[in-house]
Amino acid sequence: MGEEYTYRCSGCGKEITLTVGLYNCKGWGDPSTRDDILSGKHGVKAKKAYEGHPHCNFHFQTDIFRCKCGYTGSYDSLIIHDNNIHEPEVFYSTEHRCPRCMKKLARIDHFPVSIPCRSCDSQYEIDRRSHMRWRWMFRFNCHRSTNDSPLLRAYSFISNAHIAHIHRSIR
């Protein structure tokens, strides 16, 4: 229910890691996260979204975000949504800003095939071996979790689409 790839620059050898998925299966309706939302720890917008939809669900997920300046990174986001597992209506999603230019980051739906390296003007490319280790470990940890909701199972299906996309891209 999550994937992680390490990218290595072909020019200077620097590495970055990008992650997608329900990282550590955290959030899913637990009382401490609800209390954090209501106390304003996640911001006023999150609190208002939850108060406006008191029977909604919430969770954390990790996605890949990209800026117009070329910066790419993975970030955890709080997602507040209804209980429709097929097409959930999202009431709130954490906004992220680029650490370089401070513009709003846009979520991308797939692992990029390559990423420009700002250090040497080469390209970061996927280390194909890095995906196998993460997927096995992550699935083992999540299956041991007690958080087994229909939304988790639905996201697992979406997550498998990410895997198929990246395997087609690196062939």
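Refer to the structure above for everything that follows.
Concerning the overall build of the protein
Alright, step 1. Secondary structure assignment for the protein yields four helices and eight strands.
Alright, step 2. Start at the N end of the protein and walk to the C end: the helices and strands fall as β-β-α-α-β-β-β-β-β-β-α-α.
Alright, step 3. Counting all 171 residues of the protein, 40% fall into the buried class.
Alright, step 4. Long-range pairs, those at least 24 residues apart, make up 63% of the contacts in the protein between residues at least 6 apart in sequence.
Alright, step 5. Of the accessible surface of the protein, which amounts to about 10000 Å², a share of 51% is contributed by carbon and sulfur atoms.

Regarding the nonpolar core
Alright, step 1. Core analysis: the biggest nonpolar cluster contains twelve residues, these being Y5, Y7, C9, L18, V20, I64, I108, F111, I115, C117, Y124 and I126.
Alright, step 2. Listed by contribution, the elements that provide at least two residues to this core are β1 (2–9), β2 (15–21) and β8 (123–126).
Alright, step 3. Broken down by element, the residue count for this core peaks at three residues, all from β1.
Alright, step 4. By size, the runner-up hydrophobic cluster in this structure holds ten residues, among which are I37, A49, C56 and I80.

What to know about the side chain of D63
Alright, step 1. Locating D63 in the fold gives a position in strand β3 (residues 57–66).
Alright, step 2. Among the polar contacts listed, one links the side chain of D63 to the side chain of Q61, at a separation of 2.8 Å.

Observations concerning the environment of G43
Alright, step 1. Tracing the chain through its elements places G43 in the loop between α1 (31–39) and α2 (44–52).
Alright, step 2. Judged by its relative accessible area of 26%, G43 is partly exposed.
Alright, step 3. Considered as a pair, G43 and T94 are 51 residues apart in the sequence and their alpha carbons are 9.1 Å apart.

So, the packing of aromatic side chains
Alright, step 1. A complete count under the given rule lists three aromatic pairs for this structure.
Alright, step 2. Note on Y50 and F58: the rings are 5.8 Å apart at their centroids and 75° apart in plane angle, and the pair reads as edge-to-face.
Alright, step 3. Relative accessible area serves as the criterion here: at 9%, Y50 is assigned to the buried category.
Alright, step 4. Residue F58 is classed as buried on the basis of its relative accessible area of 2%.
Alright, step 5. Ring geometry for F65 and Y75: centres 6.1 Å apart, planes at 70°, overall edge-to-face. Here F65 is found in strand β3, whereas its partner Y75 is found in strand β4 (residues 72–81), with ten residues between them in sequence.

Conventions used here
- Residues numbered from 1 in each chain as written.
- Predicted model: local features only at pLDDT ≥ 70, side-chain atom pairs only at ≥ 80, totals over all residues.
- Heavy atoms only, no water.
- Helix = DSSP H or I, 4+ residues; strand = E, 2+ residues; numbered from the N terminus.
- Buried < 20%, exposed > 50% of the residue type's maximum accessible area, 1.4 Å probe, protein only.
- Contact = heavy atoms within 4.5 Å.
- Areas by Shrake-Rupley, 256 points an atom, 1.4 Å probe, with all protein chains shown as cover.
- Core = buried A, V, L, I, M, F, W, Y, C linked by side-chain atoms within 4.5 Å.
- Polar contact = N/O pair within 3.5 Å; in protein donor to acceptor, adjacent residues only side chain to side chain.
- Phe/Tyr/Trp six-rings, centres within 6.5 Å; stacked < 30°, edge-to-face > 60°.

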